[in-house]
Amino acid sequence: MARWAPDTRERLRAAALSLFEERGYAATTVPDIVDRAGVTRRTFFRHFSDKREVFFDDDEIPQIATRMISEAPRDAPPMEVVVGGLRVLARERFEPRRAEIRFARQVIASEPALRERDLRKQADLRDAIREGFRHRGEDEATAAAIAGVTVEALQAALDAWASEPAGAPLTDHLDEVLRRMRMLLQSSESTRG
């Protein structure tokens, strides 16, 4: 039976994204999604708690961040760990799904309930990074600053990447965002001088 097929989750996700694009997020219902995917409503709820989770259910990024931080060489500077981790995520997790992520970010930006969930997802990542650096021996304020910079850099790079039609890789956008952050921080240091 289709509901037990190993690709059911991806079929549901593909059906939902297709319907969101055709009808809009608000106008698409769970029954619409299950009809398109050819499964039962019960099967949908085995995979997703609601239609918002089509965008957020498999967010393993906080766990990936925790693992990358703990596995990084102990003597690596914090921002070296961050930049290396962001570059790996960009290449392995985001680039292969560019079209899907671009569309998802457009839908999320247009729906208040999805924006709220996205902010919670960002907070989860910030907490995971902060805790990861605390376990590496950073004090609370430093760990919080590293986490804040990391999440903001990722979000700014994702926004630029998703809206940029030329197709430059996400790593290029990350490099540019980090360059601008460094420039801004250096200019604020020189004005305090």
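Residues numbered from 1 in each chain as written. Predicted model: local features only at pLDDT ≥ 70, side-chain atom pairs only at ≥ 80, totals over all residues. Heavy atoms only, no water.

What follows covers the packing of aromatic side chains. This structure, assessed with the given rule, holds 6 aromatic pairs. Plain terms: the ring middles of Tyr-25 and Phe-55 are 6.2 Å apart, the flat faces sit at 45 degrees to each other, and that makes the pair tilted. Of this pair, Tyr-25 sits in the loop between α1 (8-23) and α2 (30-37) while Phe-55 sits in helix α4 (residues 53-56), and the two are 30 residues apart along the sequence. Judged by relative accessible area, Tyr-25 falls into the buried class, the value being 10%. One aromatic cluster is present, formed by Phe-20, Tyr-25, Phe-55 and Phe-56 through successive ring pairs. Of note, Arg-9 hangs over the ring of Phe-48, and the distance from its end group to the ring centre comes to 5.2 Å. Its end group placed over the ring of Tyr-25, Lys-51 keeps NZ or CZ at 4.3 Å from the ring centre. (Phe/Tyr/Trp six-rings, centres within 6.5 Å; stacked < 30°, edge-to-face > 60°. Helix = DSSP H or I, 4+ residues; strand = E, 2+ residues; numbered from the N terminus. Buried < 20%, exposed > 50% of the residue type's maximum accessible area, 1.4 Å probe, protein only. Lys NZ or Arg CZ within 6 Å of the ring centre and 35° of its normal.)

Chain-level pLDDT for the protein is 90 on average; 94% of the residues reach the 70-or-more range. Element-level mean pLDDT values for the protein span from 86 in α4 up to 96 in α2. (pLDDT = per-residue confidence, 0-100.)

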